[in-house]
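# Architecture at a glance
Now for the letters of each chain:
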Amino acid sequence: MSAAATASTPSPVRAPAIPADRARSLARWNRVLAPLHAVQFVAMLLIANTSVLFTVTVPTIKPLLVNGKFTGIEPTTVDLFSLPLAWVIASFLAMSAAAHFLVGWPLRSRYEAGLARRVGAHRWIEYAFSSTVMIVAIAYLSYIHDLPALVAIAAANVAMILFGWAMEVVNQGRLERGERIEWRWYWFGCLTGIAPWVGIVGILAAYSLQPDLPAGSGIPGFVYAIVASLFISFNVFAITMVLQFRRVGPWRDWLTGEKTYMVMSLVAKSLLAWQVFSGTLRPGG
């Protein structure tokens, strides 16, 4: 090959990388968080009361017949399936344990390459599953048991997560180049993400405002505690994204944001799991 041809051949572009010491630190975090979630998963399966069921219903109608003649319809429901609520709660702990294991060991290089580009694809994929199970569990504890409503809540949550992923993807390189950040994906995510909470708070309010509600049949206090604490926890994730893209304080370092996500994920999942356990899944409770 001639010297001219060699000179005209473009040099290969090296993939971005995060500093080696930071990569080792992230790996340690993931390798610690994996067993922390896994231990809670096993504990939930071992000690939680499995007689409390997660029963999904389907609203339908029943024809009314008088002397064999159709006289109208009556709203009714059909139980679609049931499984122990403890399994639902344990499942999102298992999802997080698996995700941290994967990025701490077999998928570590891909995870770190993504973070070097300011994209946490593995994180968003895990959240699409685990946080969706969490919001469905919160909705169920708030007396939303019918399939159409639970599917809509799950879909809104998945859309919120995907908008978060899109926010990172479309803004790759903008911070480094000093370009304006594109925020529309963030706001789309906020709009879709608030919808499940509107439904949850609405159903709680409607239940409590019923006239002549029997004494002692009000909503348990632990349900209000779950809704309030998890609403705050979910919003910390949105705030963290703003701090990262606005480069506020410690969050000028993108990896500080990644560790914030890790801590808040552990806190939110642990809060939900053990609040539900103490409220309704204790053995003999």
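Scope of this entry: the structure provided in the associated data block. Fair warning: this is a prediction, and the values are worked out from it, not measured in the lab. (Residues numbered from 1 in each chain as written. Predicted model: local features only at pLDDT ≥ 70, side-chain atom pairs only at ≥ 80, totals over all residues. Heavy atoms only, no water.)

### Let's talk about the nonpolar core
Applicable threshold: For our purposes a nonpolar core is just a set of buried Ala, Val, Leu, Ile, Met, Phe, Trp, Tyr and Cys residues, chained together by side-chain atoms within 4.5 Å. Relative accessibility under 20% of the residue-type maximum defines a buried residue, over 50% an exposed one, and the middle range a partly exposed one, all with a 1.4 Å probe and only protein chains included. The helix and strand labels rest on DSSP assignments: H or I over at least four residues marks a helix, E over at least two residues marks a strand, and numbering proceeds from the N terminus. Note on contacts: a residue pair is in contact if any heavy atoms of the two residues lie within 4.5 Å.
With 39 residues, the main nonpolar core has Ile 89, Ile 138, Ile 200, Leu 230 and Leu 281 as its most contacted residues. If you list the elements that add at least two residues to this core, you get strand S1 (53-66), helix H3 (85-104), helix H5 (121-141), helix H6 (147-170), helix H8 (184-208), helix H9 (221-246) and helix H10 (254-281). It is H5 that provides the largest number of residues to this core, a total of nine residues. Sequence-distant contacts of Leu 281, defined by excluding residues within four places in its chain, comprise Met 44, Ile 47, Ala 48, Asn 49, Val 52, Leu 85, Ala 86, Ile 89 and Val 276. Tyr 127, Ile 161, Ile 181 and Tyr 186 belong to the second-largest nonpolar core, a separate cluster that totals 15 residues.

### What to know about the side chain of Gln 275
Here is the rule: A 3.5 Å cut-off defines polar contacts: any pair of N or O atoms within that distance qualifies, except that in protein one atom must be a possible hydrogen donor and the other a possible acceptor, and neighbouring residues in sequence count only when both atoms are side-chain atoms.
Considering the arrangement of structural elements, one finds Gln 275 in helix H10. Accessibility expressed as a relative area gives 18% for Gln 275, which makes it buried. Reaching out from Gln 275, the side chain makes a polar contact with the side chain of Ser 229 at a distance of 3.2 Å.

### Focus: the packing of aromatic side chains
Quick note on the threshold: Ring pairs shown here join Phe, Tyr and Trp side chains whose ring centres sit within 6.5 Å, with only the six-membered ring taken for Trp; geometry is labelled stacked below 30 degrees between planes, edge-to-face above 60, and tilted in between. When the NZ atom of lysine or the CZ atom of arginine is within 6 Å of a ring's centre and also within 35 degrees of its normal, the charge is said to sit over that ring.
Scanning the entire structure with this criterion turns up 17 aromatic pairs. Both rings, one in Phe 245 and one in Trp 254, keep their centres 5.0 Å apart while their planes meet at 80°; by these two values the pair is edge-to-face. Its relative accessible area of 5% is what places Phe 245 among the buried residues. An aromatic cluster of at least three residues, connected via ring pairs, comprises Trp 183, Tyr 186, Trp 187, Phe 245 and Trp 254. Lying over the aromatic face of Trp 124, Arg 123 brings its terminal NZ or CZ to 5.0 Å of the ring centre.

### So, the pattern of salt bridges
Think of it this way: side chains of opposite charge can pair up when their charged atoms draw near. Stated formally: Whenever Lys or Arg places a side-chain nitrogen within 4 Å of a carboxyl oxygen from Asp or Glu, that contact is recorded as a salt bridge.
What the rule picks out here adds up to nine salt bridges. Of the charged contacts, one joins Arg 22 and Asp 253 as a salt bridge, the two residues approaching to 2.7 Å between their closest N and O atoms. Taken together, the residues Arg 22 in helix H2 (residues 20-47) and Asp 253 in the loop between H9 and H10 connect sequence positions 231 residues apart. The class for Arg 22 is partly exposed, based on a relative accessible area of 22%. Salt bridges here are not isolated pairs; linked through shared partners, they connect Arg 123, Glu 168 and Glu 258.

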